[in-house]
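Next come the chains, spelled out residue by residue.
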Amino acid sequence: MSDRFVYVTYISTTPEKLWQALTDAAFTREYWWGMFLESDWKQGSRWAMKFADGRLNTTGEVLESDPPRRLVLDWHNEYNPELIGDGPSRASFDIEQLGEMVKLTVTHEAQPKLLESVSGGWPKVLASLKSYIETGKPLPNPGNCAAAREQAA
Amino acid sequence: MSSQFVYVTYIRTTPEKLFEALTKPEFTRQYWYGISMESAWRVGSEWKMRFSDGRITDTGEVLEYDPPKRLVLKWRNEFRPELKAEGFSRCVMELEPAGDMVKLTVSHSMERDGSKLVEAVSGGWPKVLSSLKSLLETGKALPEGK
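Once a new chain begins, its residue numbering starts again from 1 and follows that chain's sequence as written. Chains carry letters from A onward and ligands carry numbers from 1 onward, assigned in written order. Given that this is a predicted model, residues contribute local features only at a pLDDT of at least 70 and side-chain atom pairs are listed and counted only at 80 or more, while totals for whole chains, interfaces and linings are drawn from all residues. By convention in this description, side-chain values take in all heavy atoms of the structure and omit both hydrogens and water.

Draft legend 1. Region of the structure containing the overall build of chain B. The helix count covers DSSP runs of H or I at least four residues long, the strand count covers runs of E at least two residues long, and both are numbered beginning at the N terminus. A count of helices and strands for chain B gives four helices and seven strands. Scanning chain B from its N terminus toward the C terminus, one meets helices and strands in the order β-α-α-β-β-β-β-α-β-β-α. Using C-alpha atoms as the atom set, the radius of gyration is obtained and then compared with a globule rule of 2.2 Å times the number of residues to the power 0.38. Taking 146 residues into account, the globule formula puts the C-alpha radius of gyration at 15 Å, and chain B, at 14 Å, falls close to it. Along the longest, intermediate and shortest principal axes, the C-alpha atoms of chain B span 40 × 30 × 30 Å. Looking at chain B residue by residue over its 146 residues, the buried ones come to 49%. Only heavy atoms enter the contact rule, under which two residues are in contact if any of them lie within 4.5 Å. Restricting to contacts in chain B with at least 6 residues of sequence separation, those with at least 24 account for 47%. Computed by Shrake-Rupley with a 1.4 Å probe, the accessible areas treat only the displayed protein chains as cover when residues are assessed. Surface accessibility of chain B: about 6800 Å² in total, with carbon and sulfur atoms responsible for 49%. Each charge sign in chain B was given a centre, from 22 positive and 21 negative side chains, and these centres are 3 Å apart. Residue exposure (1.4 Å probe, protein chains only): buried if accessible area is under 20% of the type maximum, exposed if over 50%, otherwise partly exposed. Positive charge is attributed to Lys and Arg, negative charge to Asp and Glu, and no charge count is given to His or to the chain ends. Throughout, a charge is located at the NZ atom of Lys, the CZ atom of Arg, the CG atom of Asp or the CD atom of Glu.

In structure tokens form, the structure reads like this:
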């Protein structure tokens, strides 16, 4: 694993709610633009992330699971031909309670191409997650906004 | 031969409101733990940041001022001697509208390897910008985490 992307955000919530938001398909669908996660979230289990229409996005193994504090996922892209087989990749989620808020640290170790992709993706997903938890309303997908602007232009 | 920290976040607001929140003391005090920003906000003007008790935290010069799109600050820490000794860093704030939200990119850099100032702001910006996002979206900033 050549490099890593680290993103920290602070959310007004509890570790238990944040854990649920990260692992429960009903939650991820809301803020991750229809994407949903499937697993029993036990160490050694498989996990999968799917698009709203059921196509596979990412799969892997649950490497560590310590709810509601730490989750480590082995991470293989399954849909982008340029990223499939791009070597080992791993995403870690660390959740730390600080009074009435929670510090979430996402660390993604990956080869350069996948790293570039997830470095753009995590800030969008985690900004939408924070908005969803704090206001009940997720953010629109910035990719779609850009597409809409191009269409309008 | 340089150190850089980059942070991107998306906030449901307008570029105008976000730019105001980044530069007006009545806003910064709310989400930046009492810290206020002072400047005439013209290219070449001085800027200062103060704790709520009046002590100066950081100072510098406005290098670029293009509301509501871009702000570039020459930036030196004033209250931690080991950081002040590193001299001036550069902080670029870019605001880009995306539908009913704004993409905010903060890049803070210094022409020196292993900069302690860049290390310090790498811990600070995520707290400050998370609190700013909460304030603009919910009307309430985040508490100061211990």
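Draft legend 2. Focus on unusual backbone geometry. The omega torsion across Pro-67 of chain A and Pro-68 of chain A is 0 degrees, close enough to zero to call that bond cis. With respect to the secondary-structure elements, Pro-68 of chain A resides in the loop between strand E4 (56-66) and strand E5 (70-74). The linkage connecting Pro-67 of chain B with the following residue, Pro-68 of chain B, adopts the cis geometry, with an omega of -5 degrees. Checked against the element boundaries, Pro-68 of chain B lands in the loop between strand E4 (56-66) and strand E5 (70-77). In the Ramachandran plot, Tyr-33 of chain B falls in the positive-phi region, its phi being about 55 degrees despite a non-glycine side chain. Within the secondary structure, Tyr-33 of chain B is located in the loop between helix H2 (25-31) and strand E2 (36-39).

Draft legend 3. Summary view of the interface of chain A and chain B. If you look at the interface, chain A gives 22 residues, while chain B gives 22 residues. A quick way to say it: buried area is the sum, across both parts, of accessible area lost when two parts are put together, with a 1.4 Å probe. Taking both sides of the interface into account, the surface hidden between chain A and chain B amounts to around 1800 Å²; carbon and sulfur atoms contribute 62%. Of all residues in chain A, Tyr-10, Met-101 and Leu-139 of chain A give up the largest surface area on contact with chain B, accounting jointly for 25% of the area buried on that side. Salt bridges are counted wherever a side-chain nitrogen of Lys or Arg sits within 4 Å of a carboxyl oxygen of Asp or Glu. At the surface where chain A touches chain B, the tally comes to zero salt bridges. Distance and chemistry together define a polar contact, namely a pair of N or O atoms within 3.5 Å, with one atom able to donate a hydrogen and the other to accept it when in protein, and with adjacent residues in sequence counting only for side-chain atoms on both sides. On the surface where chain A and chain B come into contact, there are twelve residue pairs in polar contact (both at pLDDT 80 or more). Contributing elements (two or more residues each) for the side of chain A that touches chain B: strand E1 (3-11), helix H3 (112-135) and helix H4 (142-152) of chain A. Side-chain classes are defined by residue name, with Ala, Val, Leu, Ile, Met, Phe, Trp, Tyr, Cys and Pro counting as nonpolar, Asp, Glu, Lys and Arg as charged, and the others, Gly among them, as polar. Residues belonging to the side of chain A that touches chain B are distributed by class as follows: twelve nonpolar, four polar and six charged.

Draft legend 4. Up close: the packing of H3 of chain A against helix H4 (residues 116-138) of chain B. Where H3 of chain A meets H4 of chain B, the closest approach of the two axes is 11 Å, and the angle between their N-to-C directions is 50 degrees. Judged by the angle between their axes, H3 of chain A and H4 of chain B are oblique. Handedness of the H3 of chain A/H4 of chain B crossing: right-handed. Every residue of H4 of chain B that contacts H3 of chain A at Ala-127, Lys-130, Ser-131, Glu-134 and Thr-135 of chain A is listed here: Ser-130, Lys-133, Ser-134, Glu-137 and Thr-138 of chain B. Within the contact of H3 of chain A with H4 of chain B, the residues separate by chemical class into one nonpolar, five polar and four charged. Only the stretch in contact is used when a helix axis is fitted, and all axes are lines through C-alpha atoms; the angle between N-to-C directions ranges over 0 to 180 degrees. Roughly parallel means an angle under 35 degrees; roughly antiparallel, over 145; roughly perpendicular, 65 to 115; everything else is oblique. In this scheme the handedness of a crossing depends on how the near helix is turned from the far one: anticlockwise by less than a right angle means left-handed, clockwise means right-handed.

Draft legend 5. Structural detail: the sheet that holds E2 of chain B. All names here are of chain B. The sheet built from seven strands is open, its strands ordered E1-E7-E6-E5-E4-E3-E2 with antiparallel pairing. The two strands at the open ends of the sheet, each matched to only one other strand, are strand E1 (3-11) and E2. Between one strand axis and the next, the sheet turns by 25 degrees as a mean value, whatever way the strands run. Inspection of the sheet shows strand E6 (residues 89-98) paired to strand E7 (residues 101-110) by nine bridges, in the antiparallel sense. Considered in E7, the bridge of Ala-98 is made with Met-101. Here a strand pair is declared whenever DSSP counts at least two bridges between the two strands.

Draft legend 6. Inspection of the pairing of strand E3 (residues 46-50) of chain B at higher detail. Residue and element names in this part refer to chain B. Burial along E3 is one-sided: the residues Trp-47 and Met-49 are buried and none of Glu-46, Lys-48 and Arg-50 is. Here E2 pairs with E3 via four bridges, running antiparallel. Paired with Ser-36 across the two strands is Arg-50, which belongs to E3. Joining the antiparallel neighbours E2 and E3 is a turn of six residues, in which Trp-41 adopts a positive phi near 55 degrees. Hairpin connection, E3 to E4: the antiparallel pair is bridged by five residues, and Gly-54 has positive phi, about 100 degrees.

Draft legend 7. Structural context of the confidence of the model for chain B. The predictor's confidence in any single residue is recorded as pLDDT, a number from 0 to 100. Summing up the model confidence of chain B, the mean pLDDT is 96 and the portion of residues at 70 or higher is 98%. Among the prediction metrics, the complex's ipTM stands at 0.95, with pTM recorded as 0.94.

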